[in-house]
Amino acid sequence: MGDLDFIENRETIEPSEFNTDPLPAGVYKAYIEESSVSPTKSSDGVKFAGTYVVQEPKEFAGRKVFLNLLLKHSNPKAQEIGLGKMSALSRACGLTTIPNDSMKLRNKPHLITVKVAPASEKYSAGNEITKWVSSTGEKAESGVRKAQAAPSKPEDDDDIPF
């Protein structure tokens, strides 16, 4: 049993109301406030859990969006999807690869595209993050892709043979 005797003036504390409706579909500037990596419920994988805090637009500032990604799983396709999303998230945070510690993803504002996932028998309607982009609006690329980019044509090359 938990002791609540430390709460003073309990008869004067008003109930709080929280908006738990999903955010409207759109693009939000946000950062990861909390993160963890833990075994899945079925113990056949590893999941990343992150809590985003919205910064912009201002009307939604402070609202939270939750993210769960499968990083290791007995289903190879589920693992591939989760790792691909983690890679996109990492690049949006300015990293060139998935970090070795989820703490490196915290407090790095970037843009997230959010959609509304409809309610099901098991869950109420909620948000799903479908895209991650750096806060400058540019997709971050890995160092490998940058190094493999084709050289650009010289400016004086106008395809005229003389």
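Up top is the structure these notes are about.
Let us look at the structure shown here. What you see is a predicted model, and the numbers here were worked out from it, not measured in a lab.

Reading the values: the criteria
Residues numbered from 1 in each chain as written. Predicted model: local features only at pLDDT ≥ 70, side-chain atom pairs only at ≥ 80, totals over all residues. Heavy atoms only, no water. Helix = DSSP H or I, 4+ residues; strand = E, 2+ residues; numbered from the N terminus. Buried < 20%, exposed > 50% of the residue type's maximum accessible area, 1.4 Å probe, protein only. Contact = heavy atoms within 4.5 Å. Pairing = 2+ DSSP bridges. Axes fitted to C-alpha atoms, helices over the stretch in contact; angles between N-to-C directions. Salt bridge = Lys/Arg side-chain N within 4 Å of Asp/Glu carboxyl O. Expected span 1.5 Å × (residues − 1). Polar contact = N/O pair within 3.5 Å; in protein donor to acceptor, adjacent residues only side chain to side chain. Core = buried A, V, L, I, M, F, W, Y, C linked by side-chain atoms within 4.5 Å.

1. Some remarks on the overall build of the chain
Thought 1: In terms of helices and strands, the chain carries 2 helices and 5 strands.
Thought 2: Listed N to C, the secondary structure of the chain is β-β-β-α-β-β-α in terms of helices and strands.
Thought 3: The buried share of the chain, reckoned over its 162 residues, is 25%.
Thought 4: Within the chain, counting contacts between residues at least 6 apart in sequence, those at least 24 apart form 46% of the total.

2. With respect to the sheet that holds strand β5 (residues 126-134)
Thought 1: Ordered in space as β3-β2-β1-β4-β5, the 5 strands form an open sheet in which the pairing is antiparallel. Lying at the two open borders of the sheet, with one neighbouring strand each, are β3 (64-73) and β5. Neighbour-to-neighbour, the strand axes of the sheet open up by a mean angle of 40°, direction not taken into account.
Thought 2: In the sheet, strand β1 (residues 26-39) pairs with strand β4 (residues 110-117) via 5 bridges, with the strands oriented antiparallel. Looking at the pairing, K29 lines up with L111 of β4.
Thought 3: Docked against the sheet, helix α1 (residues 76-92) engages β1, β2 (45-56), β3, β4 and β5, running at close to 130° with respect to β3.

3. Some points on the pattern of salt bridges
Thought 1: Applying the stated criterion across every chain, the model contains 3 salt bridges.
Thought 2: The shortest N-O distance in the salt bridge between E33 and K64 comes to 2.8 Å. A residue pair is termed long-range when its members are at least 10 positions apart, and E33 in strand β1 and K64 in strand β3 qualify at 31 residues.
Thought 3: Take E33: its relative accessible area is 29%, and that puts it in the partly exposed class.
Thought 4: Note that K115 is salt-bridged to E128, the shortest N-O span being 3.9 Å. Within this pair, whereas K115 is found in strand β4, its partner E128 is found in strand β5, the two being separated by 13 residues in sequence.

4. A closer look at unusual backbone geometry
Thought 1: P57 follows E56 through a cis peptide bond whose omega is 0°.
Thought 2: Note that P57 resides in the loop between β2 and β3.
Thought 3: The backbone of N9 shows a phi angle near 50°, a positive value even though the residue is not glycine.
Thought 4: Along the polypeptide, N9 turns up in the segment before β1.

5. Points about α1
Thought 1: Between its terminal C-alpha atoms α1 stretches 24 Å, which fits the 24 Å expected from 17 residues at 1.5 Å a residue.
Thought 2: Looking at α1, one finds that the buried residues are A78, G82, M86, S87, L89, S90, R91 and A92.
Thought 3: Buried residues in α1 make contact with β1, β2, β3, β4 and β5.
Thought 4: Its side-chain oxygen placed 2.9 Å from the backbone nitrogen of K77, N75 serves as the N-cap of α1.
Thought 5: Downstream of α1 by one or two residues, G94 has phi in the positive range, about 90°.

6. Some remarks on the nonpolar core
Thought 1: Of all hydrophobic cores here, the largest spans 21 residues; its most connected members are F48, Y52, L67, L89, I112, I129 and W132.
Thought 2: Going through the elements one at a time, β1, β2, β3, α1, β4 and β5 are the ones with two or more residues in this core.
Thought 3: Sort the elements by how many residues they give to this core and β3 lands first, with 4 residues.
Thought 4: Beyond its immediate sequence surroundings of up to four residues, I129 is in contact with Y52, V65, L67, I112, T113 and V114.

7. Brief notes about the pairing of β2
Thought 1: Pairing of β1 with β2 involves 10 bridges; the strand directions are antiparallel. Looking at β2, one finds that I32 is bridged to Y52.
Thought 2: If you look at the hairpin formed by β1 and β2, you'll find 5 residues sitting between the two strands, and S43 has a positive phi there, around 60°.
Thought 3: Here β2 runs beside β3; their pairing, made up of 9 bridges, is antiparallel.

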